[in-house]
Every structure is written in structure tokens, then in C-alpha cells.
Amino acid sequence: MYVIAGLGNPDKKYEKTRHNVGFDVIDTIADKYNIAINEKKHRALCGSGYIAGQKVLLVKPQTYMNLSGESIQAILNFYKLDADSELLVIYDDISLAPGRIRVRAKGSAGGHNGIKNIIAMTGTQGFARIKVGVGEKPDGWDLADYVLGHFSKEERALVEDAFADAVEAVEMFLMDDLNGAMNRFNGKK
């Protein structure tokens, strides 16, 4: 089984914000594969199903972004899963333009507090991830205000295209083709 976790914040006021693109991708996957995200367990909203012949647990941690690792580690422990091979995390990245995604097999937190907490809780940086571009914060803006803000109509359209790319990258990950996903999406304009 694989855990596909999208990061975000649970309150309604955070819906469709830059910081919640991980939740948005999980919702896009759930819609495509008719997976109901309606179970509350391990401090997360979860739904299980099959994608590309693989059993998956779609996860939206409800611990708020900065404590995402608490929920994810509880899930990995419960199902006896390995973060390095059976976890994929989807989250926002301010260093990528809206509409872009970047797929990584592993890596540092790169300043992202949700990823820092997952690394701290799991003890590894070796889990796969998909970063969804939300654009750089404008000069003079507070980072928290920027990532908790909403996209312009034009940016939202670009980001929704990126959600489709992210779903395809998830499918490739589940077919054991993470390198193919990196080659396909990391250079895409």
C-alpha cells in the first residue's frame, strides 16, 4: 500500500489558498478515481482505493501544515509502511511559478515547515514528493500572508493545470516510474 499525502490547513478559510494546493491535488485524484475522502483517522481525512493497480490511502492531515508529520507518521506506523518507498507528499512551492510542478525522489525541506515536520517525525528525507508551484512572494509581503492568500483568477487556472500534471506524476510514481515523472515534468514550461 502507498500513502499519498497532500499538505494543507483544515479550516474552511484556507480552502483554495496557495498553502492548500496539496489538499487540492488529493481532491483531484479522489475525483478522478472515485475515492471518497471521508474517514477520520490518525488526525487526518483519508480515503482508500486503487490507482494504477496499487492500493492507496489518500491523506489530508488535519494537524495544520506545520505539524503534518504527526499525522503522517501515525499512519506509517499503523500500516507498518516505509516512508522512503511507500510515501508520496504533495505540497506548495514558492520557488516554482504557478502551473509548474517538480517531482523529487527525496530531498531537504527547502524551508517548508510542513516538510521539516515530516522529516523530523519520520527520521528521513528519502520520501518522494511533488511540489506544486504557487509563485514567489512579492517584495514587501510577509511569507505567511502570501501562502495563506488566494490565487488570482489567471493564476488559479494555471494551478489547476498543474493539478492534472501532479495526478499524472502520482500515477507514474505508483507504476514505479518516478524517474520518468521527473524527466517529463521537471523541465516542462
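The text that follows walks through the structure, step by step, so that each part is easy to find.

Rules used throughout
The numbers attached to residues start from 1 for each chain and follow its sequence in the written order. For this predicted model, a pLDDT threshold of at least 70 governs which residues receive local features, and a threshold of 80 or more governs which side-chain atom pairs are given and counted, while totals over whole chains, interfaces and linings are taken from all residues. Only hydrogens and water are removed before side-chain values are computed, so all heavy atoms of the structure are retained for them. Two strands make a pair as long as DSSP finds a minimum of two bridges between them. Runs of E in the DSSP output that reach at least two residues are strands. Runs of H or I that reach at least four are helices, and both are numbered from the N terminus. Angles run from 0 to 180 degrees between N-to-C directions of axes, and those axes are lines fitted to C-alpha atoms, restricted for helices to the stretch in contact. Contacts are assigned to residue pairs with any non-hydrogen atoms lying within 4.5 Å of each other. Among buried residues, the Ala, Val, Leu, Ile, Met, Phe, Trp, Tyr and Cys ones that are joined through side-chain atoms within 4.5 Å form a nonpolar core. When a residue's accessible area, from a 1.4 Å probe over protein chains only, is under 20% of the maximum for its type it is buried; when over 50% it is exposed; and in between it is partly exposed.

What the 7 strands build is an open sheet, ordered S2-S3-S4-S1-S5-S7-S6; its pairing is mixed. Every other strand in the sheet has two partners, leaving strand S2 (39-41) and strand S6 (101-104) as the edge strands with one partner each. Sheet twist, expressed as the mean angle between neighbouring strand axes with direction ignored, is 25°. Relative to strand S7 (residues 128-133), strand S5 (residues 87-93) runs parallel, the two being bridged by 6 bridges. Pairing of Asp-92 across the sheet is with Val-132, part of S7. Against the sheet, helix H2 (residues 68-79) makes contact with strand S1 (2-6), S2, strand S3 (44-51), strand S4 (54-61) and S5, and its axis sits at roughly 150° relative to S4, the strand it touches most. Against the sheet, helix H6 (residues 153-174) makes contact with S1, S3, S4, S5, S6 and S7, and its axis sits at roughly 170° relative to S7, the strand it touches most.

Bringing the nonpolar core into the picture now. Counting residues in each nonpolar core, the largest one holds 34 residues, and the members touching the most others are Ile-4, Ile-29, Ile-90, Ile-101, Val-103 and Ile-130. Secondary structure elements with two or more residues in this core: S1, helix H1 (21-33), S4, S5, S6, S7, H6 and helix H7 (178-185). By residue number, the principal contributor to this core is H6, which donates 10 residues. If we ignore the near neighbours within four places in the chain, the residues touching Ile-29 are Ile-4, Ile-51, Leu-58, Ile-90, Val-167 and Val-170.

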